[in-house]
Amino acid sequence: MDGWDVFWLVAAGVVIAATLAVAVTLLVKLVRARRLLGASGIPMSSKVLFWASVVYLVSPVDLLPDPVLLDDIGFLLVALRSLHKAAQRAGVTGRVRPEGGPDAVGDPLG
C-alpha cells in the first residue's frame, strides 16, 4: 500500500465516523423530544414522522448505502424540525417537572 491508499482509507474513515456521530446526535435529540408525542396540540403527522425517522435510521433499506448516512441524517433533521415547529405552534414545551407536571419555560428539544 502506498501513501495515497492510506490517505484515502483514513479520509473515508473520518467521513464515516463524522456522519455516524451526527446521526447519533440527532437520534438522541429525537429521543429527548419524544415527550412531545403525548401532547395533544401537536398534529399526528409530526408524531408519525418522528417514529418513521427512527425506523428509517435502523432500517437496512436506504436511499444511499449504509456507510453514507447522509440520507438518514437528512430524514432525522426533517423529523426534528417538524416536531419542534409543531410544538412551538401548539405552545407545548418538552420540559417536565420532576413531579410530572408541565413546565412553562424551556426549549422543547432540550
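Residues numbered from 1 in each chain as written. Predicted model: local features only at pLDDT ≥ 70, side-chain atom pairs only at ≥ 80, totals over all residues. Heavy atoms only, no water.

An unreviewed UniProt entry lists the protein chain under the name DUF1232 domain-containing protein, with Kitasatospora herbaricolor as the source organism. For the record of the protein chain, the UniProt heading Subcellular location (unreviewed entry) holds the text "Endomembrane system". (UniProt positions renumbered as here; feature names shortened; annotations may be inferred.)

**Student:** I'd like to hear about a positive patch on the surface, residue by residue, with values.
**Tutor:** Residues Lys 29, Arg 32, Arg 34 and Arg 35 make up a contiguous surface patch of positive charge. Here Arg 32 shows up in helix α1 (residues 3-32). (Patch = residues over 30% accessible without salt bridge, like charges linked within 9 Å, V, L, I, M, F, W, Y side chains within 5 Å. Areas by Shrake-Rupley, 256 points an atom, 1.4 Å probe, with all protein chains shown as cover. Salt bridge = Lys/Arg side-chain N within 4 Å of Asp/Glu carboxyl O. Lys, Arg positive; Asp, Glu negative; His and termini not counted. Charge placed at Lys NZ, Arg CZ, Asp CG, Glu CD. Helix = DSSP H or I, 4+ residues; strand = E, 2+ residues; numbered from the N terminus.)

**Student:** Please set out the nonpolar core residue by residue, giving values where relevant.
**Tutor:** Counting 18 residues, the largest nonpolar core has Leu 30, Leu 36, Ile 42 and Leu 83 as its most contacted members. Setting aside chain neighbours within four positions, we find Ile 42 in contact with Leu 36, Lys 47, Leu 83, Ala 86, Ala 87 and Ala 90. (Core = buried A, V, L, I, M, F, W, Y, C linked by side-chain atoms within 4.5 Å. Buried < 20%, exposed > 50% of the residue type's maximum accessible area, 1.4 Å probe, protein only. Contact = heavy atoms within 4.5 Å.)

**Student:** Would you mind going over the packing of α1 against helix α3 (residues 70-90) in detail, with residue names and values included?
**Tutor:** α3 packs onto α1 with a crossing angle of 25 degrees between their chain directions and a minimal axis gap of 9 Å. Relative to α3, the element α1 is oriented roughly parallel. The element α1 and its partner α3 pack so that their crossing is left-handed. On α3, the residues touching Thr 19, Val 22, Ala 23, Leu 26, Leu 27, Lys 29 and Leu 30 of α1 are Leu 70, Ile 73, Leu 76, Leu 77, Ala 79 and Leu 80. Taken together, the residues that form the contact of α1 with α3 break down as 11 nonpolar, one polar and one charged. (Axes fitted to C-alpha atoms, helices over the stretch in contact; angles between N-to-C directions. Parallel < 35°, antiparallel > 145°, perpendicular 65-115°, else oblique. Left-handed = near helix turned anticlockwise from the far one by under 90°. Nonpolar A, V, L, I, M, F, W, Y, C, P; charged D, E, K, R; others polar.)

**Student:** Tell me about the packing of aromatic side chains, and name the residues and values.
**Tutor:** Evaluated as defined, the whole model comprises four aromatic pairs. Considering the side-chain rings of Trp 4 and Phe 7, the 5.7 Å spacing of their centres and the 85 degrees angle between planes classify their relative orientation as edge-to-face. With a gap of three residues between them, Trp 4 and Phe 7 both fall in helix α1, about one helical turn apart. Judged by its relative accessible area of 42%, Phe 7 is partly exposed. Site record: aromatic cluster; members linked through ring pairs are Trp 4, Phe 7 and Trp 8. (Phe/Tyr/Trp six-rings, centres within 6.5 Å; stacked < 30°, edge-to-face > 60°.)

**Student:** Mind laying out α1, listing which residues take part and the relevant values?
**Tutor:** Taking 1.5 Å per residue as the helical rise, α1 with its 30 residues ought to reach 44 Å, and the 44 Å between its terminal C-alpha atoms agrees with that figure. Contacts made by the buried residues of α1 are with α2 (44-58) and α3. (Expected span 1.5 Å × (residues − 1).)

**Student:** Outline the UniProt feature "transmembrane region" (unreviewed entry) in the protein chain, listing residues and values.
**Tutor:** Within this numbering scheme, the UniProt entry marks residues 6-28 as carrying the feature "transmembrane region" (unreviewed entry). The distance separating the terminal C-alpha atoms of residues 6-28 is 33 Å; by composition the span is 100% helix and 0% strand.

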